Amino acid sequence: MADRYANFANSGLGRTMVKRLGLPDPPRLRRHHAGDPLVSAPVLVGTTPGGRLAGPVGKLLAEAGVETADQLPDGVRVSALILDATGITDSAGLRAVYDFFHPYARKLQTSGRVIVLGTPPETTASPREATAQRSLEGLTRSIGKEFGHGTTAQLVHVAPGGEAAVASTLRFLLSGRSAYVSGQVIRVAAGDAPAPADWDRPLDGKLALVTGAARGIGAAIARVLARDGAEVIALDVPAAGDALADVANETRGRALQLDLTGADAPKRLAGYLAAGPRGGVDIVVHNAGITRDKTIARMSADRWDSVIGVNLTAPERVNELLLDRELIPSGGRIVGVASIAGIAGNRGQTNYATSKAGVIGMVQAYAPVLAGRGITVNAVAPGFIETAMTARMPLGLREAGRRLNSMSQGGLPVDVAETVAWLASPGSATVNGNVVRVCGQSLLGA
Ligand code: NAI
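S.K.: For the packing of helix H7 (residues 216–227) against helix H15 (residues 413–424), give the residues involved together with the corresponding values.
M.R.: It is the contact of H7 with H15, at a shortest axis distance of 8 Å, that shows an interaxial angle of 50 degrees. Considering the angle they form, H7 stands oblique to H15. The hand of the H7/H15 crossing is right-handed. Between H7, through Gly 216, Ile 217, Ala 220, Ile 221, Val 224, Leu 225 and Arg 227, and H15, the contact on the second element is made entirely by Pro 413, Val 414, Val 416, Ala 417, Glu 418, Val 420 and Ala 421. Its residues placed into classes, the contact of H7 with H15 shows eleven nonpolar, one polar and two charged.

The structure is reproduced here in structure tokens:
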């Protein structure tokens with residue numbers, strides 16, 4: 001559904017009124033288009049004494065053809081500010097953060113990027129170092145709220161030994177692919193991650209299953225995974241057959257009509273994948289989901305059961321069978337689609353929020369277990385995304401959902417899809433057990 005206010009605010013008259021009246025100012029976000037460079041201006045990289053990431057980051061930016069600077073002449077704007085904060089070992093050392101951001105806070109382009117690289121507090125050498133590293137979360141979340149103009153800000157915790165595995169995450173965060181991801185703490189674990197032969201097609205040779213792919217976010221995920229090189233199996237209920245066939249044709253993939261809540265659905269799916277040319281599947285995206293909203297006092301048991309059944313029990317059953325039958329090989333990726341309702345809770349959505357918090361629980365429970373098999377399990381947690389689901393919301397709630405975030409606008413299905421594609425990439429081999437919100441830094445649950 002069109003965001004009429006955002007269109008108006010970006011018109012000539014709208015710009016004047018927004019400024020004069022102090023109204024919400026939704027900027028046009030920079031989104032990725034095929035062939036776009038990662039960034040269109042230099043990136044300023046700062047470091048802290050003893051930091052262990054400025055070197056590897058400088059190297060990967062050079063490989064990506066990104067111009068870097070460690071100081072900025074007057075009048076020049078940068079596309080991103082990256083600070084290697086891994087050298088900070090106590091609270092006095094946090095001054096280095098101020099010294100880096102204070103002079104450059106106004107030097108970012110529209111849709112700029114702020115990335116702070118830190119050490120996971122639990123892997124630090126002392127309580128004071130852990131404390132200082134934890135402090136960085138407050139910094140990045142505040143910058144996300146303060147800088148405006150479509151700027152995103154993230155803290156990336158890179159475990160010692162994970163320095164060589166940050167490329168896919170940094171590329172995602174710098175590019176227009178992460179337009180609606182802000183205020184996140186992303187964890188990159190120790191280990192190596194293979195660089196794809198072609199960063200524009202990192203999923204070449206991979207087979208991906210996307211559930212609920214006939215429309216909305218699922219259709220966008222199918223398109224983006226196909227754009228990135230994957231062969232896509234688009235799954236949805238038989239009633240959505242025509243729309244599903246359109247998505248499958250558009251992505252040159254295959255359509256699979258299946259109601260995931262059917263008693264034998266996981267078995268049929270496993271049989272289909274086992275009989276396919278690859279005898280399995282590399283990427284599984286559990287996107288199918290429904291809402292049946294009512295306060296719990298008014299909710300029928302049917303509404304409770306159907307939401308838990310589609311959103312949580314179906315992914316659980318599918319995972320169990322595909323993993324038991326070893327149909328997801330090493331290098332495999334499982335991505336759940338949660339929701340910020342599963343983090344913040346929502347009035348009238350006890351069933352939905354329970355199911356989506358369950359998706360987060362599933363990811364966190366499986367991630368350490370499957371790491372040994374070379375499979376990662378992560379979730380995206382969308383906020384307000386412009387789809388048929390949110391178009392049905394009452395006007396007041398819809399406007400609140402759109403504006404109560406750092407971007408003053410709803411996200412697009414493609415924003416969720418790009419995030420899924422980053423998690424699915426071979427380069428994200430050590431990004432495991434993360435729940436990444438795609439919510440424009442929504443105030444809900446923040
Ligand atoms: P949608 O309603 O447009 O699409 C969901 C798809 O799932 C439909 O094509 C539907 O037929 C399919 N589906 C439902 N039950 C199924 C079943 N039993 N078996 C197979 N397929 C089934 O929803 P939308 O907005 O695209 O959402 C996609 C996912 O993102 C859902 O999991 C939703 O909960 C989640 N999400 C969406 C948000 C939004 O703002 N739109 C916010 C947060 C999360």
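S.K.: Outline the packing of aromatic side chains, listing residues and values.
M.R.: One pass over the structure, following the stated rule, counts three aromatic pairs. A ring pair is formed by Phe 172 and Trp 422, whose centres lie 4.6 Å apart and whose planes are at 5 degrees; its orientation type is stacked. Note that Phe 172 is positioned in helix H6 (residues 167–174) and Trp 422 in helix H15, a separation of 250 residues in sequence. With relative accessibility at 2%, the residue Phe 172 sits in the buried group. Taken together, the ring pairs connect Phe 100, Phe 101 and Tyr 104 into an aromatic cluster.

S.K.: Before we move on, can you summarise the side chain of Ser 339 with the specific residues and values?
M.R.: Inspection of the secondary structure assignment puts Ser 339 in the loop between strand S11 (333–337) and helix H11 (341–344). Within the local environment of Ser 339, its side chain forms a polar contact with the backbone nitrogen of Ala 341, the two atoms lying 2.9 Å apart. What Ser 339 contacts, discounting residues up to four positions off in sequence, is Tyr 352, Lys 356, Val 380, Ala 381 and Pro 382.

S.K.: Describe the domain arrangement of the protein chain, and please don't skip the residues or the numbers.
M.R.: Entries for the protein chain in the domain assignment read domain 1 (22–188) and domain 2 (207–438). The straight-line distance from the C-alpha centre of domain 1 to that of domain 2 is 28 Å. The interface is formed by 26 residues belonging to domain 1 together with 30 residues belonging to domain 2. Regarding the contact of domain 1 and domain 2, the summed buried area is about 2,200 Å², with carbon and sulfur atoms giving 54% of it. On the domain 1 side of the interface with domain 2, the three residues burying the most area are Arg 31, Tyr 180 and Arg 187, jointly 31% of the side's total. Taken together, the connections running from domain 1 to domain 2 amount to two salt bridges. Note that Asp 415 and Arg 31 form a salt bridge whose closest N and O atoms lie 2.8 Å from each other. Remark: the boundary between domain 1 and domain 2 carries eleven residue pairs in polar contact (both at pLDDT 80 or more). Ranked by the residues each element gives to the side of domain 1 that touches domain 2, the list is headed by strand S6 (residues 184–188), at five residues. The residue inventory of the side of domain 1 that touches domain 2, partitioned by class, reads twelve nonpolar, nine polar and five charged.

S.K.: Tell me about the sheet that holds strand S3 (residues 78–84), and name the residues and values.
M.R.: Sheet architecture is open: six strands sit in the order S2-S1-S3-S4-S5-S6, paired in parallel fashion. The open sheet has two free edges, formed respectively by strand S2 (68–69) and S6, since each of these has just one partner strand. By the bridge criterion, five bridges tie strand S5 (residues 152–158) to S6 in an arrangement that is parallel. When the sheet's bridge partners are listed, Val 156 is paired in S6 with Ile 186.

S.K.: Outline a negative patch on the surface, listing residues and values.
M.R.: A contiguous patch of negative charge, built from Glu 316, Glu 320, Asp 324 and Glu 326, is present on the exposed surface. In this structure, Glu 320 sits in helix H10 (residues 301–324).

S.K.: Before we move on, can you summarise the site of the ligand with the specific residues and values?
M.R.: Not every one of the 27 residues close to the ligand is listed here, only the nearest: Arg 215, Ile 217, Asp 236, Asn 287 and Tyr 352. Contact between the ligand and Thr 387: a nitrogen atom at 3.0 Å from a side-chain N or O atom of the residue. When the ligand sits alone it has 830 Å² of accessible area, and the protein chains cover 93% of it. Looking at the shell around the ligand, the elements with two or more residues in it are H7, strand S8 (231–236), helix H12 (350–371) and helix H13 (388–391).

Basis of the calculations
Along each chain, residue indices are assigned from 1 in the same order as the chain's sequence is written. Only residues with pLDDT of at least 70 get local features here, since the model is predicted, and only at 80 or more are side-chain atom pairs given and counted; chain-wide, interface and lining totals rely on the full set of residues. Side-chain numbers come from the whole structure's heavy atoms, not from hydrogens or water. Every angle, taken between N-to-C directions, lies between 0 and 180 degrees, and every axis is a line fitted to C-alpha atoms, over only the stretch in contact when it is a helix. A run of DSSP states H or I qualifies as a helix once it reaches four residues; a run of E qualifies as a strand once it reaches two. Both are numbered from the N-terminal end. An angle counts as roughly parallel when it lies under 35 degrees, as roughly antiparallel when it exceeds 145, as roughly perpendicular when it falls between 65 and 115, and as oblique in every other case. If you view the pair so one helix is near and one far, a crossing is left-handed when the near helix is turned anticlockwise from the far one by less than a right angle, and right-handed when it is turned clockwise. Working rule for contacts: check all heavy atoms of both residues, and any pair within 4.5 Å makes them a contact. By the convention adopted, Pro, Cys, Tyr, Trp, Phe, Met, Ile, Leu, Val and Ala count as nonpolar, Lys, Arg, Asp and Glu as charged, and the other residues, Gly among them, as polar. To pair, rings of Phe, Tyr and Trp, with the six-membered ring standing in for Trp, must have centres within 6.5 Å; the planes then decide the type, stacked if under 30 degrees apart, edge-to-face if over 60, and tilted in the middle. Only protein chains enter the accessibility calculation, which uses a 1.4 Å probe; a residue whose area is less than 20% of its type maximum is buried, one above 50% is exposed, and one in between is partly exposed. Within 3.5 Å is the distance limit for a polar contact, defined as a pair of N or O atoms, with the added protein rule that one can donate a hydrogen and the other accept it, and that residues adjacent in sequence qualify only through two side-chain atoms. How far each domain reaches was decided by an automatic or database domain assignment. The buried area of a pairing is the accessible area, by a 1.4 Å probe, that goes missing from both parts when the two are put together, added over both. Criterion for a salt bridge: a side-chain nitrogen of Lys or Arg within 4 Å of a carboxyl oxygen of Asp or Glu. For two strands to count as paired, DSSP must find a minimum of two bridges between them. Note on patches: the residues involved have over 30% relative accessible area and no salt bridge, like charges join within 9 Å, and the nonpolar side chains Val, Leu, Ile, Met, Phe, Trp and Tyr join within 5 Å. Using a 1.4 Å probe, the Shrake-Rupley method yields the accessible areas, and only the shown protein chains count as cover for residues. The positive count covers Lys and Arg only, the negative count covers Asp and Glu only, and His and the chain ends enter neither. Throughout, a charge is located at the NZ atom of Lys, the CZ atom of Arg, the CG atom of Asp or the CD atom of Glu. Throughout this document, a residue counts as near a molecule or strand when at least one of its heavy atoms sits within 4 Å of that molecule or strand.

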